[in-house]
Structures are given as C-alpha cells and as structure tokens.
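Spelled out, the chains give:
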Amino acid sequence: MQRELLIINASMSPMTGDGIVRDAAILLHGGTIAWAGPASDCPEIRASIERLDIAGRLVTPALIDCHTHLVHGGERSREFEMRMQGESYENIARAGGGIASTVAATRRESEADLLASALRRADNLIAEGVAVIEIKSGYGLDTDTEMRMLRVARRIAEERPVRVKTSFLGAHSVPHDVGADAYLDEVCLPALNAAYAAGLVDAVDGFCEGIAFSPSQIGKLFSRASILGLPVKLHAEQLSHLGGAKLAAAHGALSADHLEYADESDAANMAAAGTVAVLLPGAYYMLRQKHRPPVEAFRQHKTAMAVSTDWNPGSSPMGSILLAMNMACVLFGLTPQEALQGVTCHAADALGLKDCGRILPGLRADLAIWDAENPAELPYRFGYNPLYARIFDGGTGV
Ligand code: NIG
Ligand code: FE
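Residues numbered from 1 in each chain as written. Chains lettered and ligands numbered in written order. Predicted model: local features only at pLDDT ≥ 70, side-chain atom pairs only at ≥ 80, totals over all residues. Heavy atoms only, no water.

What about helix α4 (residues 111–126)?
Under the convention used in this document: Each helix is a run of H or I in the DSSP string that is no shorter than four residues. Each strand is a run of E no shorter than two, and both are numbered from the N terminus. Between the first and last residue of a helix there are one fewer steps than residues, each counted as 1.5 Å, and that sum is the expected span. Each residue is assigned to one of three classes by its accessible area relative to the maximum for its type, calculated with a 1.4 Å probe on protein chains only: buried under 20%, partly exposed between the two thresholds, exposed over 50%. Pairs of residues are marked as contacts when any of their non-hydrogen atoms sit within 4.5 Å.
Its 16 residues place the ends of α4 21 Å apart at the C-alpha level, agreeing with the 22 Å of an ideal helix rising 1.5 Å per residue. Of the residues making up α4, those classed as buried are Leu114, Leu115, Ala118, Leu119, Arg121, Ala122, Leu125 and Ile126. Each element contacted by the buried residues of α4 is listed here: β6 (63–68), α3 (99–108), β7 (130–136), α5 (143–159), α12 (321–330) and β15 (387–392).

Set out below in structure tokens:
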C-alpha cells in the first residue's frame, strides 16, 4: 500500500502564482501530491494518516538545477590563478587551456573515477534541497568519452535519490587538431547518433560563440536533433552577441543560457517561442564580466527566467544553488521571488518537465522544507544552508 503523508502547519510557497499560503496542508499519496492548500479547506482526512507537523516552516517545491557540467575530470585552479593575474578566459582557451584542458583530464578518467567525483558534487546540491539536476556531456568531444560522461550522469540517479536529465553537448568546443565543420560532421553528429541510440540523451545543447561554434554550425546540429525528435537548448550570447538566442528561439529551444550579451529583440523572440532564459551568475562572477543579461527586457516581454549553478571546472566551479540565487539577485537584479521561480517552476520549464517545480495535485511529491518563514530568506543569506528536510518521491530525509 502507498504511503500517505499529511504535512501540516506549513508556510507554503507553491510557485503557482498564489504567493505564500500560511497554515497550509499538503497531502502526499506515495510519490504524488494529492492535495495542497489552506488547512481550513482541507478535505476530511482519516485520523490514522501519518502527519508531519513542520511548525510553520517554509515549504517550496524541491529545487531544480537546470544547467550543470557536473561530470568532469580534473580541475582548473591554475587558470583561475592566470585570470587573477589579468589573463582572459578566451585567451586561455585559444592557448589550449579552458575546455580543452578539461577534455584531456576527462578522457583520462575511468567511469568509476568520474562517478565518484560527480557524486560528491551531486550530494552538495541534494543537501540544498535539489531533486533534479541537468547534466551535460561536452568534455569528451569523441564518441567514447561523450557516452561515458552521459552514462555516469545517468548512474547518479541510480546511486542517489535525485533525478537527472542529460544533455548532449558534443558541440562544446572544437578540438585543436580539426576544423569546426569537420569535427561537427565526422565526430559530433555521429557521437550524437550513438548516444541517442543508447538512450542516453534527453536534450541537445551547443556553445554558440567565437571560441566555439557559429550559428550556422549550431543550426546543423539542431536540425539533427529535430530529426531525432530531441529538444534543444543553447549556450548563447555569453561573451559576444552572435545570434544564438534568436537561433534557439527559431528552433523552439527549451532554453537559451548565459545571455549576458542578449538584447531586447532576443528577449521578445524567446518569449514568443517559450524559450526560457537560463541565467548563470556564477560564470558572470567568476569571469568578472561587466555586461549583464537584459533582465528588464525579459520582464517586459515575459520571458521566463531560470537560475542555475552552471557547475563546471572553468567558468563556474560553484557547488551551491542557493548561492546562485543570491548572485542572481545581487548581481543581475532579480527579485528574491524571481530567483525562487528560477530554481523551481522556470527551471522545470527549461528542462521541459511538467511533473515538478510547482506544488500542485498530480505533480511529483518532491518538496524542500526550510528553516525559514519567508521565501526571500533563501537568497538573502549566502554561504548558509537553511534546508530542514527534503522530500523526494514522497520519502522524507535529505
Ligand atoms: O557554461 N560556456 C561554455 N561552457 C561552460 C564553461 C566550460 C568551461 O570553461 O569548462 C559554461 O560556462
Ligand atoms: Fe554551461
């Protein structure tokens, strides 16, 4: 028989546009939310049902980290030292460092080693109330390693109480010994086919940038994704404005990510296409960028904004989604409510997930309970984790 649990005495932030509901009750049937609302409206409930009194604590949907490179080998602190002495991210990449150095390290590591380091990172996020992690490949740039990364990503969901969505990011960087077009045709697209055939791909991602792939090359990748029936997303307008955001919108992408150099017309196109703007303040901070994403234009056009760690060893070695929320507020000017939408309902949208990110009957019983009364407390403190308990698939525990 399914476990039934009634959470009572909750301050609920359901992320459905209803604001905060004090003295709320949430009824869980197994892994599904059966009912949620003010306790006074709660239907008659058997006295024998297990109750969890959370003494007025805040309940939100469990968090969703919708853009990570969690699986990777090695680390790049030497590049951090170089950048702190004035070297730029692009110059380090052009000189063979950057993504290429993580590719070399990732190729060297066994599946077991990659899994061990990725699990540590996943544990950090889970401890902050995360229930879904998107994980990209992109540090293999050959079929074997790209597939190894995706297999490791999927293994995380077997080893830990968390869901994983995988994105194939073979178009992350051009290996130094081949041209971009040749790499795309001879390595990246065949690797995508192989990873897809092995059932390892939930979405296709690319890096549209001067140091990576042009819009027309990304267009080719997206056409292949569409033939395979896979949704797309894109690292776009991070270091320059190349047209990636409009390209993503034209392909009905789930999201365009970074967007520091995006403009108002990008915001308009993305809103019309339902493409979520995924903001990654960790990379902006770490690379000491000056150009901020056009948050006001996103608001005006009602482009949904998500927020994520972008956890990767180069531009954003950031293991905290709560810190990403704080940075989205302080650095990009999001309101605390927008930051919370960014890691719940809008993050779900950025992954095409309809079964999570909001507290509604019929959705998954993935919740975060906080030692807090108000949602603004989550991004307000930084370097502090107020998680009281996480409920995953209806089960309690962190
Ligand atoms: O999302 N922008 C491209 N890719 C990653 C960085 C990868 C790296 O530096 O290793 C990002 O920031
Ligand atoms: Fe990224």
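Now that the structure has been shown, the text picks up again.
Considering the side chain of Glu134
Where we set the bar: For this analysis, a polar contact is any N or O atom pair within 3.5 Å, provided that within protein one partner can donate a hydrogen and the other can accept it, and provided that sequence-adjacent residues contribute only side-chain to side-chain pairs.
In this structure, Glu134 sits in strand β7. Only 2.6 Å separates the side chain of Glu134 from the side chain of Ser167, close enough to count as a polar contact. In contact with Glu134, not counting residues within four places along its chain, are Asp65, Cys66, His67, Thr68, Lys165, Ser167, Lys233 and Leu351.

So, the layout of surface pockets
Note the threshold: We place a 1 Å grid over just the protein atoms. Points where a 1.4 Å probe fits but has no way out form a cavity, open points with protein on both sides within 12 Å along at least 5 of 7 lines form a pocket, and any residue with an atom within 4 Å of a point lines it. Grid points are joined across faces, edges and corners, and a volume is the space filled by probe spheres set on the points. Each residue receives one of three labels: charged for Asp, Glu, Lys and Arg, nonpolar for Ala, Val, Leu, Ile, Met, Phe, Trp, Tyr, Cys and Pro, and polar for the others, Gly being one of them.
Volume-wise, the largest pocket comes out at about 400 Å³. Breaking the lining of the largest pocket down by element, the ones donating at least two residues are α2 (89–94) and α3. Here the lining of the largest pocket gets five residues from one element, more than from any other, and that element is α3. Per-class residue counts for the lining of the largest pocket are twelve nonpolar, five polar and three charged. Size it by volume and the second largest pocket reaches roughly 240 Å³. Together, 15 residues line the second largest pocket, and Ser88, Tyr89, Leu287, Arg288 and Gln289 are the ones closest to its centre. Of all the secondary structure elements, the ones that give two or more residues to the lining of the second largest pocket are α1 (77–84) and α2. Grouping the constituent residues of the lining of the second largest pocket by class yields six nonpolar, four polar and five charged.

Thoughts on the nonpolar core
The tendency in soluble globular proteins is for nonpolar side chains to be buried side by side. Here is the rule: Residues belong to one nonpolar core when they are buried, are Ala, Val, Leu, Ile, Met, Phe, Trp, Tyr or Cys, and are joined through side-chain atoms within 4.5 Å.
One finds Val71, Ile156, Leu259 and Trp370 to be the most contacted residues of the largest nonpolar core, which totals 94 residues. Residue contacts for Val71: discarding those within four places in its chain leaves Leu114, Ala118, Arg121, Ile135, Tyr139, Met149, Val152, Ala153 and Ile156. Counting 17 residues, the second largest nonpolar core, distinct from the first, contains Val21, Ile33, Ile54 and Val59.

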